[in-house]
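Each chain, letter by letter, is given below.
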Amino acid sequence: MRCISTLACRFLAAVALVAVCLAIDVGAARAVGEAVNGFPNWNERVIHEWINRTRVDPQLEMTACGAKCVEKACYGVMPPLSWSLALNRSARFHSDEMVRQSYFAHTSACTLVSNINSLYPASCDGSAGCACVGGTKACSGACTDFGARVQLFGGSPSGEIIASPSNPNQAFYLWLYEQGDTTSCTFTSSNGHRWLILKSTGAVGAGVAGYSTGDFGAGSAPAKIPSGAHYPQQAASVDAWANWYDTTGPTVAAINVDGVCTAMTLQRGTQTNGAWAATISGAGSGCHRYYFSFRDAGGATVTYPTTGSLAIGSGVSCPDWDAARPASCVVGEESPAPSPTVSLTPSITPTATQTPTRTATASASPTRTPTATRTATPSVSSTPTATGTRTRTATASPSSTSTPTAPPSPTATPTPTGPPSGNDLSGNLRYYSNDEAVPNIAVQAGDAGSAMSDAAGHYMLTDVPLQNVLVSAESDGGTGNAISALDASYVLQSVAGLREFSEAQALACDVTGNGSVSALDAAQILQYAVGLMVRLPVAAACGSDWAFMPNPAPAPGQTLIQPESDAQSCVPGGIAYDAMPMSLDEQNFTAVVFGDCTGNWHAPAAAGAVRMAAAMQRAEISEWRALRGGRLALPIALQRDTAMHAAEVRVDYDASMLRVVSAKLVGPARHALLAINAERPGVLHLAIASGEAIAVDGRPVVVVVFDGLQADDLAAPAVALRFDDD
């Protein structure tokens, strides 16, 4: 799903990105292409259209990219991304704040005011005086990260890319043509911009104001004409592009410029998911209004924008969108024929290098970067040293996700369609931390069948196709008692820099599925430990409580697909074979239980014995303390010779006499993390985790407050605990 490990960052151009997984934002339905209070502008429309026209035929651009796009085979045709006002506003604000506060990073240079959405841009231009808490470029507790900023604007983010050029063509190709570092179909710090452009689903909002920002996230399903723009902004000859996305192709495709219609031809993709283009001449000066006009198979006219028109030209007298529209015109009745050849036009060829448009020093605050081998979402790393050009690597922010209404995206490997054969494929599943055999896991070879791993962790697939095979594994349950409060403690230690995770540990600990390990993961592990969650978010999103990292013996035509997920999808780890003319053995997987940061999973029979050895013991409780309002406080002390990092506490009380009001950590545990489950009357579950050791010397560490009768009338609750330590 995701991988988190330190990685050296490459500085190739003025670019940066971030990817996460957050909750879905469907967005309000609105007419397509119409500006809303100046959003989007021309630059932002171009980036949106360039993204969509690339997605209909990624291999065209990958050919032009050449040796830089080393993982070019990973990208297939994708549906277009719809436009999101929230993402557009967040992106443009970020470009503005970076320029006005002289920094270059995904995380804001301050803590943003909570009402920034209502202030920007009418009464706040992104300057620290109006955008930052206290009016200063400083962080009140924590700087506002990318995910939190997008949420302040009402969006649900899944990724972000930034670049210093404001020219949309230059910024886009800096992102798309960045130098890759692996042929594996996985998100890395070097290909992450390209990965977000070509793999994201849902919506996008570009924001250009000095710098260029692209925010990806959830959104509505794409319209029949999801995007359209022209480039350059004004010249004697400009190229106009628009995408079409429907179950059938258009019968007419045209652009109406000043009341004169010009037929558009299919330049990329297919009739049902393609990019159409026309060259407009004679518009080198003045203001020329235009709109795209297509006719669908049912005879209905579809225009972009839905109402009004766009502009070739600039300035106050020539707004990018205006409610007025040229007189209608007619272009033939025949279905527009595709061009006989498809090629990149000169206007979209990027220069070899790009000097950044601004020279302010990039922020030196830490960021999070993806590993070179693991996921379509990023991971933890440190900020790279600045160079002469503006660039940052993939970073991540904590959040949660769900799936948008956009059409499903394909995986990085083809669906197995090869003919049946007598070939066998076998391997072993071993746990990441202890090399223990993992039984009862379903291993599939696409549609060709599946097999369960046996007690020794061995699986055998028969009649595997000769070509286009994808082998993957998944499992519900079988996790035993692997997840406890100690796993949350490990997360907190990692966040504090006290513990370094392996690649597999990082995968296990990112239980939010957002591509990074943070205190949010610790909190959700604690919630799971006390029963507030029946399934961790990443397991629910992926449909599996496990992740499987491919670890096979080399074989011809073999491609490793590392586990990955983003805001809209989850792809299990797998092994793809272009061709498999022979039987193969040792096609192994490394298994990881989501949430098991400590790596203490054992096969179910052994797990029970381990847990019994760590059974609950009684805790020390003090006398009831009477509080105002008839409430009672029950201090609970923990006692043992050594300090602790994590513990689970159970309080059994008389529900007919008492009701739990609250619980809080005190004394030596006051800075730890606490999860509370009081949903079942008569039983209170608590889980405590800390990144630093907590002294348990008999002093109270938690106080539970009850509503109830006087202390003299009550029997003391029974309190039991378990220390979840190494």
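For the structure, see preceding data.
Remember, predicted model here, so these are calculated numbers, not experimental data.

A.B. asks: Looking at this structure, I do not really get the overall build of the chain. What am I missing?
C.D. replies: The secondary structure content of the chain amounts to 13 helices and 36 strands. Across the 726 residues of the chain, 56% fall into the buried class. In the chain, the proportion of contacts linking residues at least 24 apart, taken out of those at least 6 apart, comes to 77%. In the form shown here, the chain has an accessible surface area of approximately 26700 Å², with 53% of it arising from carbon and sulfur atoms.

A.B. asks: Can you walk me through the environment of Pro717 in this structure?
C.D. replies: Relative to the helices and strands, Pro717 resides in the loop between strand E35 (697-708) and strand E36 (718-723). Classification of Pro717 as buried rests on a relative accessible area of 5%. When the C-alpha atoms of Pro717 and Leu658 are compared, they prove to be 9.9 Å apart, with 59 residues separating the residues in sequence.

A.B. asks: What's the story with the state of the cysteines in this structure? I'm lost.
C.D. replies: Here a disulfide denotes a covalent bond joining the sulfur atom of one cysteine to the sulfur atom of another. Applying the stated criterion across every chain, the model contains eight disulfides. A sulfur-sulfur distance of 1.9 Å marks the disulfide that ties Cys65 to Cys69. One disulfide, between Cys65 and Cys69, carries an S-S torsion of 85° and so falls in the right-handed class. Look at Cys65 and you get buried, because its relative accessible area is 9%.

A.B. asks: Can you walk me through unusual backbone geometry in this structure?
C.D. replies: Backbone phi values are negative for most residues with the exception of glycine, while trans is the configuration of most peptide bonds. The linkage connecting Phe39 with the following residue, Pro40, adopts the cis geometry, with an omega of -5°. Along the chain, Pro40 falls in the loop between strand E1 (15-19) and helix H1 (42-55). The amide bond that connects Tyr231 to the next residue, Pro232, takes the cis arrangement and shows omega of -5°. With respect to the helices, strands and loops of the structure, Pro232 is situated in the loop between strand E6 (228-231) and strand E7 (237-245).

A.B. asks: Explanation requested: the nonpolar core in the structure shown.
C.D. replies: Among soluble globular proteins, nonpolar side chains are generally buried collectively. In this structure, Leu425, Leu429, Leu461, Val471, Trp546 and Tyr577 are the most contacted members of the largest nonpolar core, which totals 61 residues. Here the element with the most residues in this core is helix H9 (residues 485-495); it accounts for six residues. What Tyr577 contacts, discounting residues up to four positions off in sequence, is Leu425, Gln467, Asn468, Val469, Val471, Ala555, Gly557, Gln558, Leu584 and Gln587. By size, the runner-up hydrophobic cluster in this structure holds 38 residues, among which are Ile47, Tyr75, Ala275 and Leu470.

A.B. asks: Hey, could you run me through the packing of H1 against helix H8 (residues 192-199) in this one?
C.D. replies: If you want to describe how two helices pack, look at the angle between their axes and the distance between the axes. It is the contact of H1 with H8, at a shortest axis distance of 9 Å, that shows an interaxial angle of 75°. One finds that H1 runs roughly perpendicular with respect to H8. Taking contact as the criterion, the partners of Ile51, Thr54 and Arg55 in H1 are, on H8, Leu196, Ile197, Leu198 and Lys199. Classifying every residue of the contact of H1 with H8 by side-chain character gives four nonpolar, one polar and two charged.

A.B. asks: It is not clear to me how helix H11 (residues 519-529) should be interpreted in this structure. Could you clarify?
C.D. replies: For an α-helix, the turn length of 3.6 residues means that residues three or four places apart are oriented alike. Listed as buried for H11 are Asp521, Ala522, Gln524, Ile525 and Leu526. Turning to H11, the residues buried within the fold contact H9, helix H10 (503-509), helix H12 (537-542), strand E33 (673-677) and strand E34 (683-694).

A.B. asks: Please clarify how the sheet that holds E7 should be interpreted in this entry.
C.D. replies: Neighbouring strands of a sheet are bound in pairs by backbone hydrogen bonds; such pairs are parallel or else antiparallel. One open sheet holds the four strands; their spatial order is E6-E7-E11-E10, and the pairing between them is antiparallel. The sheet is open, and its two borders are formed by E6 and strand E10 (265-269), each paired with just one other strand. Averaged over all pairs of adjacent strands, the angle between their axes in this sheet comes to 30°, without regard to strand direction. Sheet analysis places E10 next to strand E11 (residues 273-281), joined by four bridges and oriented antiparallel. Looking at E11, one finds that Thr265 is bridged to Ala277.

A.B. asks: Can you walk me through H1 in this structure?
C.D. replies: For H1, spanning 14 residues, the distance from its first C-alpha to its last is 20 Å, which sits close to the expected 20 Å at 1.5 Å a residue. Most of H1 sits out of view: 14 of its 14 residues are buried. The distance from a side-chain oxygen at the start of H1 to the backbone nitrogen of Asn43 is 3.2 Å, and the residue carrying that oxygen is Asn41.

A.B. asks: Help me understand the side chain of Asn52 in this model?
C.D. replies: Locating Asn52 in the fold gives a position in helix H1. Within polar-contact distance, the side chain of Asn52 engages the side chain of Ser227 at 2.9 Å.

A.B. asks: Please explain the sheet that holds strand E25 (residues 574-579) as it appears in this structure.
C.D. replies: As summarised here, the arrangement of the five strands in space is E18-E17-E20-E25-E22, forming an open sheet in which the pairing is antiparallel. Whereas interior strands pair on both sides, the edge strands pair on one side only; in this sheet they are strand E18 (450-452) and strand E22 (558-561). Neighbour-to-neighbour, the strand axes of the sheet open up by a mean angle of 15°, direction not taken into account. Two elements, E22 and E25, share four bridges in a ladder whose sense is antiparallel. The partner of Gln558 across the bridge, within E25, is Tyr577.

A.B. asks: Where do I start with the packing of aromatic side chains in this structure?
C.D. replies: For any pair of aromatic rings, geometry is given as the distance between the ring centres together with the angle between the planes. Using the criterion set out here, one finds 20 aromatic pairs in the structure. Ring geometry for Trp546 against Phe548: centres 6.1 Å apart, planes inclined by 10°, an arrangement best described as stacked. The exposure class of Trp546 is buried, given its relative accessible area of 2%. Three or more aromatic residues link up through ring pairs in this structure, and these residues are Tyr431, Tyr432, Trp546, Phe548 and Trp601. Above the face of the Phe39 ring, Arg89 is positioned so that its terminal group lies 5.4 Å from the ring centre. Above the plane of the ring of Phe39 lies Arg92, whose end atom (NZ or CZ) is 3.8 Å from the centre.

What counts, and at which threshold
- Residues numbered from 1 in each chain as written.
- Predicted model: local features only at pLDDT ≥ 70, side-chain atom pairs only at ≥ 80, totals over all residues.
- Heavy atoms only, no water.
- Helix = DSSP H or I, 4+ residues; strand = E, 2+ residues; numbered from the N terminus.
- Buried < 20%, exposed > 50% of the residue type's maximum accessible area, 1.4 Å probe, protein only.
- Contact = heavy atoms within 4.5 Å.
- Areas by Shrake-Rupley, 256 points an atom, 1.4 Å probe, with all protein chains shown as cover.
- Disulfide = S-S within 2.5 Å.
- Core = buried A, V, L, I, M, F, W, Y, C linked by side-chain atoms within 4.5 Å.
- Axes fitted to C-alpha atoms, helices over the stretch in contact; angles between N-to-C directions.
- Parallel < 35°, antiparallel > 145°, perpendicular 65-115°, else oblique.
- Nonpolar A, V, L, I, M, F, W, Y, C, P; charged D, E, K, R; others polar.
- Pairing = 2+ DSSP bridges.
- Expected span 1.5 Å × (residues − 1).
- Polar contact = N/O pair within 3.5 Å; in protein donor to acceptor, adjacent residues only side chain to side chain.
- Phe/Tyr/Trp six-rings, centres within 6.5 Å; stacked < 30°, edge-to-face > 60°.
- Lys NZ or Arg CZ within 6 Å of the ring centre and 35° of its normal.

Any link to function would need more than the numbers given here.
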